[in-house]
Amino acid sequence: MNNQKQQKPTLTGQRFKTRKRDEKERFDPSLFQESIVQGLNQTGADLEAVAKFLDASGAKLDYRRYAETLFDILVAGGMLAPGGTLSDDLTRTEFCLFTASEDLETMQAYAQVFNKLIRRYKYLEKGFEEEIKKLLLFLKGFTESERNKLAMLTGILLANGNISASILNSLYNENLVKEGVSAAFAVKLFKSWIHEKDINSVSASLRKVGMDNRLMELFPANKRSCEHFSKYFTDAGLKELSDFARNQQSIGARKELQKELQEQMARGETLKDMIAYSREEMKKTNISEQTMIGIVWSSVMSSVEWNKKEELVTEQAIKLLKQYSPLLKAFTSQGLSELTLLLKIQEYCYDNIHFMKAFQKIVVLLYKADVLSEEVILKWYTEGHVAKGKSVFLEQMKKFVEWLKNAEEESESEEEEAD
């Protein structure tokens, strides 16, 4: 047996020593800054030339490492210190966003520069969003003109999908809100956004990031009312944004109302208390009776776990609706409210397959409970129904409608005889 240790293999070859000075030069932000500034000074105000220069430089310079430096220079002309002031560095350029003309056309041209750069170097996307978030936090450090330009640019970028609406979170910074900077910035931003696209683009983007209900937060707590918001943005020429915020607040109020009603039902509160609460909320939030009956119907139908068997679900629904018919009756004082409820019942029975055969029984129950009148049922039958399950439900209601018509005719003939 060979006890001699086997010699381990060794790597041979020439070892190159990296000099510290070379390393420093390669990863020195000041050298990167100098290269970008020099290039911008040569291209001047020609933004097409700027785009070409940035495109070519990405092959030689480390954009990935120095994304923040790159964007700071393109926006402010040099590196930004915390708070938004230019750092004490002599390497600056006069050819940047903040020194450009304060008009929409120029800002659109700048947006194109950023768009081309990020399309070419996709990895800059995240860094660019982080830069915009940072710039929004630095707003107090910029002049009014600089803020206006940044707002217009941001609006255009949002409209074109270059950045996510989540960057607007920076505007909810307490100091910016308190001093009115956020609201003033938002006016310019939304104006350019809507000019590029429309209010539908704004609402879709805000909903996507869950910010459609947060616009009021652009104002300090003591000014966070629908009236103040509406006046501020309408006076600034943004009535469509004001209407959108009002609508969102109304949707939010309706959701809260439905949630509270369901909780009251779960707690077993009296119908009298539920009616009083609902009427108070109607006044407070300016909700119409037609909207209210829809909320009440949804609350009632969401208050129980439904049986999966068709024959049992009808029985369950009748029992529940008999219990809550006084609540439904409280909000069907108008013919239009009755028709709204009838359409809600039609849609519900169509959308929930187990209820398809329950429609007629529900309508008859509510007729007997004096929630739905014969006039409204006849109107629904002849012209007021919607397309959902139309043929099935009209067939179900045929005999009852004939009975109503006969009863109506008998009543009329009795009245004539009495005359």
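Read on for an overview of the structure. (Residues numbered from 1 in each chain as written. Predicted model: local features only at pLDDT ≥ 70, side-chain atom pairs only at ≥ 80, totals over all residues. Heavy atoms only, no water.)

It is worth spelling out helix α3 (residues 47-57) at this point. Of all the positions in α3, only Leu 47, Val 50, Ala 51, Phe 53, Leu 54 and Ser 57 are classed as buried. Buried residues along α3 cover an arc of 165 degrees about the axis, so they all sit on one side. Opposite the buried face of α3, by more than 90 degrees, sit the exposed residues Glu 48 and Lys 52. For α3, the N-terminal capping position is held by Asp 46, with its side-chain oxygen 3.2 Å away from the main-chain nitrogen of Glu 48. (Buried < 20%, exposed > 50% of the residue type's maximum accessible area, 1.4 Å probe, protein only. Helix = DSSP H or I, 4+ residues; strand = E, 2+ residues; numbered from the N terminus. Arc of directions from axis to C-beta. Polar contact = N/O pair within 3.5 Å; in protein donor to acceptor, adjacent residues only side chain to side chain.)

This part covers the packing of helix α14 (residues 289-301) against helix α15 (residues 310-329). Closest axis-to-axis distance for the α14/α15 pair is 11 Å, and the angle between their directions is 155 degrees. With respect to their mutual orientation, α14 and α15 come out roughly antiparallel. Here α14 runs over α15; the crossing is right-handed. Contacts between α14 and α15 pair Ile 293, Val 296, Trp 297, Val 300 and Met 301 from the former with Leu 320, Leu 321, Tyr 324, Leu 327 and Leu 328 from the latter. Here the residues of the contact of α14 with α15 are counted per class, giving ten nonpolar, no polar and no charged. (Axes fitted to C-alpha atoms, helices over the stretch in contact; angles between N-to-C directions. Parallel < 35°, antiparallel > 145°, perpendicular 65-115°, else oblique. Left-handed = near helix turned anticlockwise from the far one by under 90°. Contact = heavy atoms within 4.5 Å. Nonpolar A, V, L, I, M, F, W, Y, C, P; charged D, E, K, R; others polar.)

This part takes up the side chain of Ser 325. Turning to its location among the elements, Ser 325 is positioned in helix α15. Among the residues examined, Ser 325 registers a relative accessible area of 10% and is labelled buried. Contact partners of Ser 325, with chain neighbours within four places excluded, come to Leu 366, Ala 369 and Val 371.

A word on unusual backbone geometry. Even without being glycine, Asp 370 reaches a positive phi, approximately 65 degrees. Turning to its location among the elements, Asp 370 is positioned in the loop between α17 (359-368) and α18 (374-384). By relative accessible area, which is 52% here, Asp 370 ends up exposed.

Attention now moves to the layout of surface pockets. Computed from the structure, the largest pocket encloses a volume of approximately 210 Å³. What lines the largest pocket is Cys 226, Arg 246, Gln 249, Ser 250, Ala 253, Arg 254, Lys 284, Thr 285, Asn 286, Ile 287, Ser 288 and Thr 291. Every element with two or more residues in the lining of the largest pocket is listed here: α12 (239-267) and α13 (271-285). Sort the elements by how many residues they give to the lining of the largest pocket and α12 lands first, with five residues. Here the lining of the largest pocket is built from residues that sort into three nonpolar, six polar and three charged. The space that makes up the second largest pocket amounts to roughly 180 Å³. Among the elements of the structure, α3 and α5 (104-120) are those that each provide at least two residues to the lining of the second largest pocket. Of the residues assigned to the lining of the second largest pocket, the class counts are eleven nonpolar, three polar and one charged. (1 Å grid on protein atoms, 1.4 Å probe; cavity = no way out; pocket = protein on both sides within 12 Å on 5 of 7 lines; lining within 4 Å. Points joined across faces, edges and corners; volume = space filled by probe spheres on them.)

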